[in-house]
Amino acid sequence: MERLLIRRPWDMHVHFRQGEVLDGLVRETARYCAGALVMPNTSPPILTYEDALEYEFRIKNVANRAGYQHFKPLMALKLAQNTSEQTIWRAASSINSIVKAVKLYPRGVTTNTSDGVSAPLEKNLQKVYAAMQEVGMVLSIHCEDPNADVFAAEEQYLPVVGLLTHLFPDLRIVLEHVSTRAAVEFVQQSGPNVAATITAHHMRFNRNHLLKDGLRPHLYCKPILKTENDRQAVHAAAVSGNPTFFLGSDSAPHPKNAKETSCCAAGVFTAPILIPLLAESFEDARMLDRLEGFASIYGPQFYGIVPRQSAALLTLVRETEQIPHPRSSEAAVLPLAGESLRWRIQY
Ligand code: NCD
Ligand code: ZN
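Residues numbered from 1 in each chain as written. Chains lettered and ligands numbered in written order. Predicted model: local features only at pLDDT ≥ 70, side-chain atom pairs only at ≥ 80, totals over all residues. Heavy atoms only, no water.

Chemist: How would you sum up the overall build of the chain? Please name residues and give values.
Modeler: In terms of regular secondary structure, the chain is built from 12 helices and 13 strands. The C-alpha atoms of the chain give 19 Å as radius of gyration, which agrees with the globular expectation for 347 residues (20 Å, within 12%). In terms of overall dimensions, the chain has a C-alpha envelope of 55 × 45 × 40 Å along the principal axes. A burial count over the chain gives 54% of its 347 residues as buried. In the chain, of all internal contacts separated by at least 6 residues, the share reaching a separation of at least 24 is 74%. Between the averaged position of the 35 positive side-chain charges in the chain and that of its 35 negative side-chain charges there is a distance of 4 Å. (Helix = DSSP H or I, 4+ residues; strand = E, 2+ residues; numbered from the N terminus. Rg over C-alpha atoms; globule rule 2.2 N^0.38 Å. Buried < 20%, exposed > 50% of the residue type's maximum accessible area, 1.4 Å probe, protein only. Contact = heavy atoms within 4.5 Å. Lys, Arg positive; Asp, Glu negative; His and termini not counted. Charge placed at Lys NZ, Arg CZ, Asp CG, Glu CD.)

Chemist: Break down the sheet that holds strand S8 (residues 194-198) for me, citing the residues and quoting the values.
Modeler: Spatial ordering of the open sheet is given by S2-S3-S4-S5-S6-S7-S8-S9, a layout of 8 strands whose pairing is parallel. The strands lining the two open edges of the sheet, one partner per strand, are strand S2 (10-14) and strand S9 (245-247). Between one strand axis and the next, the sheet turns through 30° on average, direction left out of account. Two strands pair when backbone bridges link them, and strand S7 (residues 173-175) and S8 are joined in this way by 3 bridges, in the parallel orientation. If you follow Ile173 over to S8, its bridge partner there is Val194. (Pairing = 2+ DSSP bridges. Axes fitted to C-alpha atoms, helices over the stretch in contact; angles between N-to-C directions.)

Chemist: How would you sum up the site of ligand 1? Please name residues and give values.
Modeler: In the neighbourhood of ligand 1, 15 residues make up the surrounding shell, with Arg17, Asn41, Thr110, Lys222 and Asp250 lying closest. At 2.8 Å, a backbone N or O of Lys222 approaches an oxygen atom of ligand 1. The backbone of Gly267 places a nitrogen or oxygen atom 3.1 Å from an oxygen atom of ligand 1. Taken by itself ligand 1 offers 320 Å² of open surface, and the protein chains cover 100% of this. For the shell around ligand 1, the class distribution of residues is 3 nonpolar, 9 polar and 3 charged. (Near = heavy atom within 4 Å. Polar contact = N/O pair within 3.5 Å; in protein donor to acceptor, adjacent residues only side chain to side chain. Areas by Shrake-Rupley, 256 points an atom, 1.4 Å probe, with all protein chains shown as cover. Nonpolar A, V, L, I, M, F, W, Y, C, P; charged D, E, K, R; others polar.)

Chemist: Describe the coordination of the zinc ion (ligand 2), listing the residues and the values that go with them.
Modeler: Summarising the metal site, the zinc ion (ligand 2) is bound by the protein donors His13 (NE2), His15 (NE2) and Asp250 (OD), whose distances to it range over 2.0 Å. Taken together, the 4 donor atoms surrounding the zinc ion (ligand 2) define angles of 92 to 132° at the centre, an arrangement classified as tetrahedral. Ordering the donors of the zinc ion (ligand 2) by residue number gives the pattern H-x1-H-x234-D. Neither His13 nor His15 differs from the other in exposure class; each is buried. (Donors = N, O, S within 2.8 Å, 3.2 Å for Na, K, Ca; no water. Tetrahedral: all angles 85-135°; square planar, octahedral: opposite > 155°, others 65-115°.)

Chemist: Could you give me a rundown of the pairing of strand S3 (residues 35-38), with the residues and numbers involved?
Modeler: As a general feature of sheets, a regular strand has side chains that alternate between the two faces. Residue alternation in S3 divides its side chains into two sets, Gly35 and Leu37 and Ala36 and Val38, and both sets are buried. As paired strands, S2 and S3 are joined by 3 bridges and run parallel to one another. Residue Val14 lies in a different strand from S3, and its bridge partner there is Val38. Assessed by its sense of winding, the connection that carries the chain from S2 through helix H1 (residues 22-30) to S3 is right-handed. (Right-handed = clockwise from strand over helix to strand, strands pointing away.)

Chemist: So what about the packing of aromatic side chains? Which residues, and what values?
Modeler: Under the counting rule described, the total for this entry stands at 6 aromatic pairs. With centroids separated by 6.1 Å and ring planes inclined at 75°, the aromatic side chains of Phe302 and Tyr303 adopt a geometry described as edge-to-face. Residue Phe302 shares its accessibility class with Tyr303, and that shared class is buried. Within the aromatic cluster, the residues linked to one another by ring pairs are Phe246, Phe302 and Tyr303. Its end group placed over the ring of Phe302, Arg172 keeps NZ or CZ at 5.8 Å from the ring centre. When the ring centre of Phe151 is taken as reference, the NZ or CZ atom of Arg207 above it lies at 4.9 Å. (Phe/Tyr/Trp six-rings, centres within 6.5 Å; stacked < 30°, edge-to-face > 60°. Lys NZ or Arg CZ within 6 Å of the ring centre and 35° of its normal.)

Chemist: Run through helix H3 (residues 85-93), naming residues and quoting values.
Modeler: Those residues of H3 lying buried are Thr87, Ile88 and Ala91. Taken end-on, H3 shows its buried residues confined to a sector of 100°, consistent with a single buried face. Lining the buried residues of H3 we find helix H2 (49-65), strand S4 (72-78), strand S5 (99-104) and helix H4 (123-135). (Arc of directions from axis to C-beta.)

Chemist: Go over the pattern of salt bridges, please, and point to the residues and values.
Modeler: A pair can form between side chains of opposite charge whenever their charged atoms are brought close. This model, assessed by the stated rule, comprises 14 salt bridges. For Arg204, the salt bridge is made with Glu280, and the minimal N-O distance between the two is 3.0 Å. Residue Arg204 is found in helix H7 (residues 200-204), and its partner Glu280 is found in helix H11 (residues 274-284); the two are separated by 76 residues along the sequence. Among the charged side chains, a network of salt bridges with common partners joins Glu2, Glu283, Asp284, Arg318 and Arg342. (Salt bridge = Lys/Arg side-chain N within 4 Å of Asp/Glu carboxyl O.)

Chemist: Quick one: what's the story with the pairing of S4, residue by residue and with numbers?
Modeler: Of all 7 residues in S4, 6 are buried; the element is thus mostly enclosed. Read from S3 through H2 to S4, the crossover connection turns out right-handed. With 4 bridges joining them, S4 and S5 adopt parallel strand pairing. Residue Met75 lies in a different strand from S5, and its bridge partner there is Val99.

Chemist: An account of the nonpolar core is requested, with residue identities and associated values reported.
Modeler: Nonpolar side chains in soluble globular proteins tend to be buried together. Residues Phe16, Tyr129, Ile141, Leu175 and Leu291 are the most contacted members of the largest nonpolar core, which totals 92 residues. Leaving out residues up to four positions away in the same chain, Leu175 has contacts with Ile141, Cys143, Leu158, Val161, Ala183, Phe186, Val187, Ala195, Ala196 and Thr197. In this structure, Val138, Val174, Ala195 and Ile305 belong to the second largest nonpolar core, which totals 17 residues. (Core = buried A, V, L, I, M, F, W, Y, C linked by side-chain atoms within 4.5 Å.)

Below, the structure written as structure tokens:
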């Protein structure tokens with residue numbers, strides 16, 4: 001049997017939500033990840049250090065109770081139009097601060113962002129970025145113009161990011177879930193302070209998978225899947241070994257009834273099949289040896305996380321496994337449910 005051993009992955013963009021679903025979602029990721037950057041677009045949102053502390057405590061508790069003491073949740077604050085620089089100083093002042101990033105969601109661009117940012121270059125926010133630059137906090141950006149055509153939205157927001165890199169050259173910036181050739185090239189042409197996360201679904205699927213031969217709501221997400229040309233650029237960046245491209249699954253579950261309805265929520269739930277999906281994409285490119293860098297090393301490196309000496313390994317075996325259907329009508333549905341993957345994690 002073929003085996004592949006990699007250091008435990010870090011998922012640098014994941015949604016754990018709030019309320020009853022949180023426990024199951026934390027366990028799903030903590031099972032195979034060394035750590036993860038947890039997104040703050042919860043309801044209620046994570047706006048302050050105190051919010052983040054409470055949320056982190058809850059996540060750690062679930063992981064510990066499930067026997068995943070190794071799991072390190074990293075927290076992000078959601079940037080609001082009126083966030084002040086004091087919020088940053090406060091979040092950074094604690095020893096070993098758990099807040100590693102601040103997330104900029106353009107207002108209304110995706111799930112739970114009606115309180116997002118409408119004027120990203122306003123004075124008070126420039127003070128926020130300056131403080132982040134000083135304390136070494138990462139600015140994580142959902143790079144889409146909420147007023148643009150959905151297929152052009154990512155590319156049209158790049159000039160805003162360009163301005164930010166110009167004004168704050170030492171600020172570390174992550175373009176989340178890049179989906180276009182334009183965004184990939186933007187990152188390649190920027191210096192080492194600009195990176196991007198890449199999802200398993202944007203590596204693997206294009207808009208035909210979403211829209212041709214029937215509409216597939218479980219592949220509908222923000223940013224929307226793009227052309228085959230874009231997918232190829234995203235895939236090539238992920239397998240390139242360039243450390244400014246790393247894993248952020250954007251696993252974003254919604255209940256089955258919120259996806260299979262007349263107005264489908266945006267988000268693809270991949271956490272339970274994430275690593276096997278990635279292994280297939282890397283294997284297809286004959287680049288399996290680069291999976292570990294992408295999934296386990298470059299992300300924490302960019303965020304300045306010092307790896308534990310005895311970082312545990314994850315064993316993948318090349319064995320066909322069927323992707324399960326959801327257990328209940330409330331549970332989230334996995335893309336490709338009923339189909340098979342060539343790799344599985346051996347626990
Ligand atoms: C995410 C969600 O549901 O929270 N949805 C998505 O389509 N990716 C939010 C986000 O990351 O855009
Ligand atoms: Zn997301």
